Amino acid sequence: MKIVQINVRNLKTHLSGLRRSSSLSDPQLESSTKKIVDDVKRNGDKALFKYTKRFDNQELTKRTIKVTAREIEKAQSLVSKELKADLRTAAKRIREFHKHKLPKAGMYKDNLGNELGWLIRPIQRAGLYVPGGKAAYPSTVLMTAIPAKVAGVEELVLVTPCPNGELNPTVLVAASIAGVDSIYKVGGAQAVAALAYGTESVPKVDKIVGPGNIYVTIAKKLVFGQVDIDMIAGPSEVLIISDGSSPASWVAADLLAQAEHDEMAVPLLVTDSPQFGKEVRKEVSRQLKLLKRKDIASQAVKSQGRIFIVKNIDEAVGVANALAPEHLELCVKNPKVLLKKIKNAGAIFVGSMSTEAFGDYVAGPSHVLPTGGAARFSSPLSVYDFLRMPSVISISKKGFQELSDSVMNLAYSEELEAHALSVKVRK
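Residues numbered from 1 in each chain as written. Predicted model: local features only at pLDDT ≥ 70, side-chain atom pairs only at ≥ 80, totals over all residues. Heavy atoms only, no water.

Examining a nonpolar patch on the surface
Thought 1: Taken together, Tyr 108, Trp 118, Tyr 384 and Met 389 make up a surface patch of nonpolar side chains, about 420 Å² in accessible area.
Thought 2: Within the secondary structure, Met 389 sits in the loop between β15 (387–388) and β16 (391–394).
Thought 3: You can call Met 389 partly exposed: its relative accessible area is 41%. (Patch = residues over 30% accessible without salt bridge, like charges linked within 9 Å, V, L, I, M, F, W, Y side chains within 5 Å. Areas by Shrake-Rupley, 256 points an atom, 1.4 Å probe, with all protein chains shown as cover. Salt bridge = Lys/Arg side-chain N within 4 Å of Asp/Glu carboxyl O. Helix = DSSP H or I, 4+ residues; strand = E, 2+ residues; numbered from the N terminus. Buried < 20%, exposed > 50% of the residue type's maximum accessible area, 1.4 Å probe, protein only.)

And the structure:
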């Protein structure tokens with residue numbers, strides 16, 4: 001990992017060197033993805049099956065695209081009792097967290113007797129994208145499906161790629177635990193298009209959530225407006241602030257936990273101790289050799305990994321707020337004091353025991369988080385993503401008398417005469 005001394009003057013230069021979302025605007029990738037999306041939009045199942053054959057080496061038909069009850073039953077027999085128990089533990093904790101986060105409808109009367117407020121209504125059908133390429137993620141099933149269920153979504157449709165026709169049994173078990181209604185054996189941009197526009201086999205949804213590769217992400221961006229999406233996600237990232245009070249081996253392990261996701265993952269450490277930075281770099285090199293996914297992690301560490309040395313921990317907070325990282329770990333002596341200063345982050349892990357892996361699996365909040373600096377303006381996936389809040393407006397006689405002239409004057413000022421007349425005819 002590169003060790004870089006940074007300060008306020010050179011901060012922007014060093015942060016801009018991190019490729020956190022640049023590929024999302026690649027014209028060639030967007031063009032090739034658009035062809036797939038448009039083909040599925042026009043030709044439905046025919047195009048969907050064609051791309052599934054091309055990219056996943058899997059022959060599908062209307063009869064075989066949907067996962068059957070028998071296939072789910074078989075999956076149950078292939079997953080150990082211990083792992084199923086762990087999935088249920090995670091599901092229970094995720095469900096509990098999101099129940100606490102549910103908003104409530106509200107109504108109030110103003111001083112003119114007008115009744116104003118908002119309702120809470122879930123979307124009807126949500127599409128869940130679960131990766132299945134380099135790795136399969138049953139945890140993502142729980143982290144996307146359970147908030148939707150808690151919100152009251154009527155139907156959950158899950159898509160997941162099945163390379164060479166192989167279904168991941170743990171994904172199917174997780175889907176069963178989370179209450180997913182139907183599962184389809186498709187992935188990639190073609191699956192996103194199928195969810196957005198509907199095909200003869202795959203139902204159209206109202207919103208698509210869940211992480212995927214670059215083609216999935218671009219496809220979600222292309223169909224936004226036709227359906228809602230959760231976010232435009234880039235590579236996974238972690239920023240760890242440490243004052244050297246945590247063991248270097250812990251910090252190194254947390255950096256590698258992100259690095260093993262993808263070659264483009266971004267593992268970062270900010271510390272005010274140059275000596276500690278060197279110890280962490282040494283530990284990263286040692287632990288890398290022990291990983292099964294060391295080739296992926298090594299590439300991420302080499303190309304995107306950084307150890308930033310700052311003058312003090314306040315400067316480290318400045319780096320974190322500028323980066324707005326997906327995951328932020330506060331591995332310092334007084335983390336709760338530091339927490340008050342954090343403005344921008346997807347998920348904040350407070351204290352050295354709060355390794356980011358807990359957030360990935362069992363803590364409770366969803367691990368679907370804003371990346372690439374999007375934490376400056378967006379939030380983690382939650383029940384809010386599956387709810388709509390229509391306004392309620394009931395004007396009283398007194399309210400009409402008191403406010404009608406203002407409405408008409410404002411309407412005339414915008415040259416919207418019919419607006420004004422709709423009030424005038426009621427006077």
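Past the structure itself, the notes keep going.
A short note on the side chain of Asp 385
Thought 1: Note on placement: Asp 385 falls in the loop between α15 (356–361) and β15.
Thought 2: Here Ser 382 takes part through its backbone nitrogen, which lies 2.9 Å from a polar atom of the side chain of Asp 385.
Thought 3: Look past the residues within four positions of Asp 385 in its chain and what remains in contact with it is Lys 207, Asp 230 and Pro 380. (Polar contact = N/O pair within 3.5 Å; in protein donor to acceptor, adjacent residues only side chain to side chain. Contact = heavy atoms within 4.5 Å.)

Notes on the sheet that holds strand β2 (residues 106–109)
In a beta sheet, neighbouring strands pair by backbone hydrogen bonds and run either parallel or antiparallel.
Thought 1: Strand order in this open sheet of 3 strands is β2-β3-β16, and the pairing throughout is antiparallel. Unpaired on one side and paired on the other, β2 and β16 mark the two borders of the sheet. For this sheet, the mean inter-axis angle between neighbouring strands, taken without regard to orientation, is 15°.
Thought 2: The pairing of β2 with strand β3 (residues 115–118) spans 4 bridges and is antiparallel. Within β3, the position partnered with Tyr 108 by the bridge is Leu 116. (Pairing = 2+ DSSP bridges. Axes fitted to C-alpha atoms, helices over the stretch in contact; angles between N-to-C directions.)

Quick look at the pairing of strand β6 (residues 155–159)
Thought 1: Of all the 5 residues making up β6, 4 are buried; the element is thus mostly covered by neighbouring parts of the structure.
Thought 2: In terms of strand pairing, strand β5 (residues 125–129) meets β6 through 5 bridges, oriented parallel. Considered in β6, the bridge of Arg 125 is made with Glu 155.
Thought 3: Pairing of β6 with strand β7 (residues 182–184) involves 3 bridges; the strand directions are parallel. Looking at the pairing, Leu 158 lines up with Ile 183 of β7.
Thought 4: Each parallel crossover has a hand, and for β6 linked through helix α7 (residues 169–178) to β7 it is right-handed. (Right-handed = clockwise from strand over helix to strand, strands pointing away.)

Focus on the pattern of salt bridges
If charged atoms from side chains of opposite charge come close, those side chains can pair.
Thought 1: Counted by the stated rule, this structure contains 13 salt bridges.
Thought 2: For the salt bridge of Glu 155 with Arg 125, the shortest nitrogen-to-oxygen distance reads 3.0 Å. With Glu 155 in strand β6 and Arg 125 in strand β5, this residue pair connects regions lying 30 residues apart in the sequence.
Thought 3: What makes Glu 155 partly exposed here is its relative accessible area of 24%.
Thought 4: Among the residues examined, Arg 125 registers a relative accessible area of 26% and is labelled partly exposed.
Thought 5: Where salt bridges share partners, they join Lys 207, Asp 228 and Asp 385 into one cluster.

Overview of the sheet that holds strand β9 (residues 228–229)
Thought 1: Strand order in this open sheet of 5 strands is β7-β6-β5-β8-β9, and the pairing throughout is parallel. Pairing within the sheet leaves two strands with one partner each, and these edge strands are β7 and β9.
Thought 2: Across 2 bridges, the pairing between strand β8 (residues 207–209) and β9 is parallel. If you follow Lys 207 over to β9, its bridge partner there is Asp 228.

Considerations on the nonpolar core
Thought 1: Ranked by internal contacts, the top residues of the largest apolar core, which has 39 residues, are Val 141, Leu 142, Leu 158, Val 180 and Phe 386.
Thought 2: Of all elements in the fold, only α5 (81–101), β5, α6 (138–151), β6 and α7 reach the threshold of two or more residues within this core.
Thought 3: Not counting residues within four places of it along the chain, the set of residues in contact with Val 141 comprises Val 130, Ile 146, Leu 158, Val 171, Ala 174, Ala 175, Ala 178 and Val 180.
Thought 4: Formed by 28 residues, the second largest nonpolar core is a distinct cluster that contains Val 40, Ala 47, Ala 189 and Val 223. (Core = buried A, V, L, I, M, F, W, Y, C linked by side-chain atoms within 4.5 Å.)

Notes on the environment of Arg 70
Thought 1: Within the secondary structure, Arg 70 sits in helix α4 (residues 69–78).
Thought 2: Arg 70 sits in the exposed class, given a relative accessible area of 72%.

Here we look at the packing of helix α2 (residues 27–43) against helix α8 (residues 188–197)
Thought 1: Put simply, α2 and α8 touch, their axes get as near as 8 Å, and they point 40° apart. By the angle class used here, α2 and α8 are oblique. Handedness of the crossing formed by α2 with α8: right-handed. Two secondary-structure elements touch here, α2 through Thr 33, Ile 36, Val 37, Val 40 and Lys 41 and α8 through Ala 189, Gln 190, Ala 193, Ala 194 and Tyr 197.
Thought 2: By residue class, the composition of the contact of α2 with α8 is 7 nonpolar, 2 polar and 1 charged. (Parallel < 35°, antiparallel > 145°, perpendicular 65-115°, else oblique. Left-handed = near helix turned anticlockwise from the far one by under 90°. Nonpolar A, V, L, I, M, F, W, Y, C, P; charged D, E, K, R; others polar.)

Notes on unusual backbone geometry
Backbone phi values are negative for most residues with the exception of glycine, while trans is the configuration of most peptide bonds.
Thought 1: Despite not being glycine, Asn 57 shows a phi value in the positive range, around 55°.
Thought 2: Summarising the element assignment, Asn 57 is placed in the loop between α3 (45–56) and α4.
Thought 3: We classify Asn 57 as partly exposed; its relative accessible area is 46%.
Thought 4: For Ala 324, which is not a glycine, the phi torsion comes out positive at approximately 50°.
Thought 5: Looking at where Ala 324 falls in the secondary structure, it is placed in the loop between α13 (313–323) and β13 (327–331).

These figures come from the coordinates and say nothing about function on their own.
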